[in-house]
Amino acid sequence: MSVIDGYPTTALSTATVRARVPIGMDRGRPVRADMISFEGLADSGEHVAVQVPAVAGRIPLVRIHSECLTGDVFGSKRCDCGPQLDEGLDAVAEDGGAVLYLRQEGRGIGLYNKLDAYVLQDTNVDTFSANRMLGRGDDERQYAVAAQMLRALGLDRIRLLTNNPEKVRQLREYGIDVVDVVPTRVHSNPDNERYLWAKASLGGHTLAVS
């Protein structure tokens, strides 16, 4: 039996849908969708999904997006999170599927720690080294909850929109059939070039950056 971050891959509890609320989604491509909460997830985070009905003949597209208050809400250009969220919502609206919004701010270290890491990055430290200087891991996220959410939504066979091989690996370990990996675009700007370089060169993300 394999274990990922303390969660046995063969012993995840079954999660269920807590509430399903119809919404008009106007970020990305305008579409009718459901916002969904869950019961029985592997951690205490209030993770949610936005699901668009599947398109006939297409395998549902899924984007697993970790919360980024600075990028998603306030439009910070220090990362690529806001544009990736918009890209994911637009793609899922087109193809059908879901965006899982996981409460994993700062790759799992939390908002205040992430802001502390930003201060360190301003002294020419890369994003992963900054985490370690704060006594945290390079990336503390795990995706057991994502696998539980997908099963609760009936999405056992998916295409995954990501540049992060770790998401693919963990979902497959948890029994999700990832039949295709669709790369996200490179959302670069002068403020996030070092960040994207670190993700590609040090974090193993499949980003075409120099």
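Below you will find a few notes about this structure.

Calculation notes
Residues numbered from 1 in each chain as written. Predicted model: local features only at pLDDT ≥ 70, side-chain atom pairs only at ≥ 80, totals over all residues. Heavy atoms only, no water. Phe/Tyr/Trp six-rings, centres within 6.5 Å; stacked < 30°, edge-to-face > 60°. Lys NZ or Arg CZ within 6 Å of the ring centre and 35° of its normal. Helix = DSSP H or I, 4+ residues; strand = E, 2+ residues; numbered from the N terminus. Buried < 20%, exposed > 50% of the residue type's maximum accessible area, 1.4 Å probe, protein only. Pairing = 2+ DSSP bridges. Polar contact = N/O pair within 3.5 Å; in protein donor to acceptor, adjacent residues only side chain to side chain. Contact = heavy atoms within 4.5 Å. Patch = residues over 30% accessible without salt bridge, like charges linked within 9 Å, V, L, I, M, F, W, Y side chains within 5 Å. Areas by Shrake-Rupley, 256 points an atom, 1.4 Å probe, with all protein chains shown as cover. Salt bridge = Lys/Arg side-chain N within 4 Å of Asp/Glu carboxyl O. Disulfide = S-S within 2.5 Å. Axes fitted to C-alpha atoms, helices over the stretch in contact; angles between N-to-C directions. Core = buried A, V, L, I, M, F, W, Y, C linked by side-chain atoms within 4.5 Å. Arc of directions from axis to C-beta.

**Describing the packing of aromatic side chains**
The full count for this structure, using the stated rule, is zero aromatic pairs. Residue placement shows R78 over the ring face of Y118; its charged tip is 4.3 Å from the ring centre.

**With respect to unusual backbone geometry**
Backbone phi values are negative for most residues with the exception of glycine, while trans is the configuration of most peptide bonds. Backbone geometry places R107, a non-glycine residue, at a positive phi of 55°. With respect to the helices, strands and loops of the structure, R107 is situated in the loop between strand 7 (97-102) and helix 3 (111-121). Take R107: its relative accessible area is 12%, and that puts it in the buried class.

**Brief notes about the pairing of strand 7**
Within strand 7, six of the six residues are buried, which leaves it mostly tucked inside the rest of the structure. Note that strand 5 (residues 48-52) and strand 7 share five bridges and pair antiparallel. Within strand 7, the position partnered with V50 by the bridge is V99. Alignment of strand 6 (residues 61-66) against strand 7, held across six bridges, turns out to be parallel.

**Section: the side chain of N189**
Topologically, N189 is positioned in the loop between strand 9 (177-182) and helix 7 (193-201). In terms of polar contacts, N189 uses its side chain to reach the backbone carbonyl oxygen of K77, at 3.2 Å. In this structure, N189 is in contact with K77 and C79, ignoring residues within four places of it in sequence.

**Remarks on a nonpolar patch on the surface**
A surface patch of nonpolar side chains, amounting to about 310 Å² of accessible area, comprises L69, V73 and F74. With respect to the helices and strands, F74 occurs in the loop between helix 1 (69-73) and helix 2 (81-95).

**Some thoughts on the state of the cysteines**
Throughout the structure, instances matching the rule amount to zero disulfides. Considering cysteine sulfurs only, C81 is the nearest to C79, which forms no disulfide, with 3.5 Å between them. Here C81 falls in the buried class, since its relative accessible area comes to 12%.

**What about the pairing of strand 4 (residues 31-39)?**
Inspection of the sheet shows strand 3 (residues 16-25) paired to strand 4 by nine bridges, in the antiparallel sense. Considered in strand 4, the bridge of G24 is made with R32. Pairing of strand 4 with strand 5 involves three bridges; the strand directions are antiparallel. Across the sheet, M35 pairs through a bridge with V50, a residue of strand 5.

**Topic: the sheet that holds strand 3**
Pairing within the open sheet is mixed, and its seven strands lie in the order 3-4-5-7-6-8-9. Because the sheet does not close on itself, it has two edges, and the strands there are strand 3 and strand 9. Averaged over all pairs of adjacent strands, the angle between their axes in this sheet comes to 25°, without regard to strand direction.

**Notes on the nonpolar core**
In terms of nonpolar packing, the biggest core is built from 26 residues, with I64, L100, I158 and L171 touching the most fellow members. When contributions to this core are tallied by element, the ones reaching two or more residues are strand 4, strand 6, strand 7, helix 5 (144-152), strand 8 (157-161) and helix 6 (165-173). Setting aside residues up to four positions removed in sequence, L171 forms contacts with I64, Y143, A146, A147, L150, I158, L160, I176 and V178. Membership of the second largest hydrophobic core comes to 13 residues, among which are A33, V52, A93 and V99.

**What to know about the environment of R185**
Locating R185 in the fold gives a position in the loop between strand 9 and helix 7. By relative accessible area, which is 52% here, R185 ends up exposed. The sequence separation of R185 and E87 amounts to 98 residues, and the corresponding C-alpha distance is 8.1 Å. Those residues within four positions of R185 in sequence are excluded, and the remaining contacts are E87 and N163.

**Here's the deal with the side chain of S66**
Within the fold, S66 resides in strand 6. When neighbours within four sequence positions are excluded, S66 is seen to be in contact with D72, L102, Q104 and R141.

**A look at helix 3**
Along helix 3, the residues that are buried comprise K114, A117, Y118, L120 and Q121. The buried residues of helix 3 occupy one face: seen down the axis, they fall within an arc of 160°. Set apart from the buried face of helix 3 by more than 90 degrees, the exposed residues are Y112 and V119.

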